[in-house]
Amino acid sequence: MASKKSSTRTSPMAAGASLLLFLLPLAISAASPSSDAEVISRFQEYLRIDTAQPAPDYAAAVAFLRGQADAAGLEASTLELVAGKPLLLLRWPGRRPSLPSVLLNSHTDVVPSEPHKWEHPPFSAALDEASGRIYARGSQDMKCVGMQYLEAIRRLRSAGFIPDRDIYLTFVPDEEIGGHDGVEAFVKSTEFKEMNVGLVLDEGLPSLGEEYRVFYGERSPWWLTIKAKGAPGHGAKLYDGSAMENLMKSVEAIRKFRTSQFDLVKSGAKAEGDVVSVNFAYLKAGTPTPTGFVMNLQPSEAEIGLDIRLPPGVHIEAMERRLAEEWAPSSRNLTFEFKQKASVLDKFGKPAVTPADSSNSWWPLLEEAVKRAGGKLGKPEIFPASTDARYFREIGLPAFGFSPMANTPILLHDHNEFLSKDEYLKGIGIYESIIRTLATLKDSNVDEESRAEL
Ligand SMILES: [Zn+2]
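Residues numbered from 1 in each chain as written. Predicted model: local features only at pLDDT ≥ 70, side-chain atom pairs only at ≥ 80, totals over all residues.

### Looking at the overall build of the protein
Using the following cut-off: Comment: elements are numbered from the N terminus, with helices defined as DSSP H or I runs of at least four residues and strands as E runs of at least two. To get the radius of gyration, use the C-alpha atoms; to get the globule rule, take the number of residues to the power 0.38 and multiply by 2.2 Å. The burial label depends on the number of other C-beta atoms within 10 Å of a residue's C-beta. Counts of 20 or more mean buried, 12 or fewer mean exposed, and intermediate counts mean partly exposed, with C-beta atoms placed from the backbone. By the convention adopted here, residues make contact when the C-beta atoms placed from their backbones lie within 7 Å.
When you go through the protein residue by residue, the secondary structure sums to 11 helices and 20 strands. In terms of overall size, the protein behaves like a compact globule, its C-alpha atoms giving a radius of gyration of 25 Å where 454 residues would be expected to give roughly 22 Å. Among the 454 residues that make up the protein, the fraction classed as buried is 42%. Look at the contacts in the protein between residues 6 or more apart in sequence, and 79% of them connect residues 24 or more apart.

### Notes on the sheet that holds strand β17 (residues 334-341)
Condition: Whether two strands pair depends on DSSP finding at least two bridges between them. Whenever a helix is involved, its axis is fitted only over the stretch in contact; in every case the axis is a line through C-alpha atoms, and angles between N-to-C directions fall within 0 to 180 degrees.
As summarised here, the arrangement of the 4 strands in space is β12-β16-β10-β17, forming an open sheet in which the pairing is antiparallel. The open sheet has two free edges, formed respectively by β12 (277-285) and β17, since each of these has just one partner strand. Ignoring strand direction, the axes of neighbouring strands in this sheet form an average angle of 20°. Sheet strands in contact with helix α6 (residues 243-266) are β10 (220-229), β12, β16 (301-310) and β17, and its direction is about 15° off that of β16.

### Overview of the sheet that holds strand β20 (residues 418-420)
Pairing within the open sheet is antiparallel, and its 3 strands lie in the order β5-β6-β20. At either margin of the open sheet sits one strand with a lone partner, and together these are β5 (126-128) and β20. For this sheet the average axis-to-axis angle between neighbouring strands, irrespective of direction, equals 25°. The pairing of β5 with strand β6 (residues 133-135) spans 3 bridges and is classified as antiparallel. When the sheet's bridge partners are listed, Ala 126 is paired in β6 with Tyr 135.

### Let's talk about the pairing of strand β7 (residues 167-172)
Successive residues of a regular strand alternate their side chains across the two faces of the sheet. Burial within β7 is extensive, with 6 of its 6 residues counted as buried. Side chains Ile 167, Leu 169 and Phe 171 of β7 all project onto a buried face; the interleaved residues Tyr 168, Thr 170 and Val 172 project onto the opposite face, where all are buried too. Bridge count between strand β3 (residues 87-92) and β7: 5 bridges; the pairing is antiparallel. Of the residues in β7, the one forming a bridge with Leu 90 is Leu 169. Relative to β7, strand β4 (residues 101-107) is paired through 6 bridges, and the arrangement is parallel. For Leu 103, the partnering residue across the bridge sits in β7 and is Tyr 168.

### So, the environment of Pro 56
Along the polypeptide, Pro 56 turns up in the loop between α1 (36-47) and α2 (58-71). Sequence spacing of Pro 56 and Pro 173 is 117 residues, and the spatial spacing of their C-alpha atoms is 8.8 Å.

### Describing the nonpolar core
In plain terms, the rule: Among buried residues, those of type Ala, Val, Leu, Ile, Met, Phe, Trp, Tyr and Cys that are joined through C-beta atoms within 7 Å form a set called a nonpolar core.
Judged by nonpolar contacts, the single largest core of 102 residues is most densely connected at Ile 153 and Ile 435. Ile 153 has contacts with Ala 72, Leu 74, Trp 92 and Ile 435, leaving out every residue within four places of it along the chain.

### A look at the domain arrangement of the protein
What counts, and what does not: Domain start and stop points were drawn from an automatic or database domain assignment. Residues are grouped as follows: nonpolar covers Ala, Val, Leu, Ile, Met, Phe, Trp, Tyr, Cys and Pro; charged covers Asp, Glu, Lys and Arg; every other residue, Gly included, is treated as polar.
Parsing the protein into structural domains produces domain 1 (2-217 + 346-453) and domain 2 (220-341). Taken residue by residue, the interface counts 9 residues in domain 1 and 9 residues in domain 2. When residues in the side of domain 1 that touches domain 2 are grouped by element, the largest group, 3 residues, is from strand β18 (residues 381-383). When grouped by side-chain class, the residues that make up the side of domain 1 that touches domain 2 number 6 nonpolar, 2 polar and 1 charged.

### Side note on the packing of helix α8 (residues 362-372) against helix α10 (residues 421-439)
For clarity, the threshold we go by: Note on angle classes: values under 35 degrees are labelled roughly parallel, values over 145 roughly antiparallel, values of 65 to 115 roughly perpendicular, and the remainder oblique. The hand of a helix crossing depends on one turn: near helix anticlockwise from the far one by less than a right angle means left-handed, and clockwise means right-handed.
Interhelical geometry of α8 versus α10 gives an angle of 140° and a closest axis separation of 8 Å. On the basis of the axis angle, α8 is oblique to α10. You can see that α8 and α10 cross each other, and the crossing is right-handed. Across the interface between the two elements, Leu 365, Leu 366, Glu 368, Ala 369, Val 370 and Arg 372 from α8 touch Ile 430, Ser 433, Ile 434, Thr 437 and Leu 438 from α10. For the contact of α8 with α10, the residue count by class is 7 nonpolar, 2 polar and 2 charged.

### Considerations on α1
Applied cut-off: Expected helix span is given by 1.5 Å per residue-to-residue step, counting one fewer step than there are residues. Taking the helix axis as origin, the arc is that swept by the directions to the C-beta atoms.
The first and last C-alpha atoms of α1 sit 17 Å apart over 12 residues, in line with the 16 Å expected at 1.5 Å per residue. Within the sequence span of α1, burial applies to Val 39, Phe 43, Tyr 46 and Leu 47. Across the axial projection of α1, the buried residues extend over an arc of 105°, all falling on one side. The exposed set on the far side of α1, more than 90 degrees from its buried face, consists of Ala 37 and Glu 38.

### Concerning the UniProt feature "active site" (unreviewed entry) in the protein
Put simply, the test is: UniProt positions are given in the numbering used here, feature names are shortened, and annotations may be inferred rather than shown by experiment.
Under the UniProt annotation, "active site" (unreviewed entry) lies at Asp 109 and Glu 175. Considering the C-alpha atoms alone, the annotated residues occupy 67 residues of sequence yet fold into one spot, their largest mutual distance being 6.8 Å. Position of Asp 109 among the secondary structure elements: in the loop between β4 and β5. Tracing the backbone shows Glu 175 in the loop between β7 and α4 (183-186). Aside from chain neighbours lying at most four places away, what touches Glu 175 is His 107, Asp 109, Gly 182, Thr 387 and Asp 388.

### Some remarks on unusual backbone geometry
Cis geometry is adopted by the peptide bond preceding Pro 54, which originates at Gln 53 and carries an omega value of 10°. With respect to the helices and strands, Pro 54 occurs in the loop between α1 and α2. A positive phi angle, close to 50°, is found at Asn 196, a residue other than glycine. Residue position: Asn 196 is located in the loop between α5 (190-194) and β8 (197-202).

The structure is reproduced here in structure tokens:
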């Protein structure tokens, strides 16, 4: 249990894991609040650490964050569940550590960039004074969130606030390459089980309007290849059953389906996360020559790669049938193979979604906390892509995706990713309210029954 943790803790570790534990004396006296300039400069400092895949400087990121944790008076330990991939675990002990804890998660890695296509170098964290924009890879995805958690805790501590339940922060590696050596490994660890997590907050997306977006589930990726075979022949001959013809019939069917789904989004009938998306990742065919391809030969093989994303409520059997009967029927000499086939269900066989209504006692608290800080949540959505939140939902834990960025274009993984200084600072206030509300057991907005559940 979290309450039994101490500086002499020698908990059993997952196989192959090494644990370095440093505990800091908790500052009793309140530190004076930081100026906006100091807060922004700390954000820039984190952004300047090059944690781009495929060679993220995790050591530098963790060293910087440990310094921030010290300043915020948090207990810190670094888990290396996989060598060279440190996961920083921070804890703010609550008055009643036997209560389920709240976990604030963020990933330290970022996606690569093409620096010459940026207005400012992606690791400069340049602040454009006129617009107030801070340009950096990771400014939206998601170094902002990790630093906002820490800044919010600093402020709460300097205001003398003490949480009832334990608050944990995790800074995890490898989210951008699937999270297998990050959160997927972490949720299986002894350390994680000891944390007794009741709710997880993870990343979301910016919104162009005033409302903040919040995500209660996400689409599951199916990555697959479809291979076609057929008789080769002269390029001048019209005949049935060539590999290209066999495959192109599938391409037509897939495109028709893609259009039907996209039209639902375009008309506003469905949100992006509520439809099945299908996109072509590659097309491979032809008989190569040193300068190009043989032009008067119809090849005997052809192949496509598809990235399909399925919302949690999708009829899986119907999709599998569509694939086997329309997109890759053996009758047309087609075969298919999954490169990835993630389940839309959790380990209990239920759709892996977190209820975003009053049936989930955490939900009204989150809604109320954002409101109290002057913000408003939009209609809960399904995240269109994948995040680490899926690993928490898979084991049955409630998890919300939330990054407080209003009035901001979506530039995750794009050139010139930026976040405005004001939105960043506003987000700290939002987390201050969220952490205060979620960490407090007695809340005037929660009835006795809900309190008992929490
Ligand atoms: Zn992210």
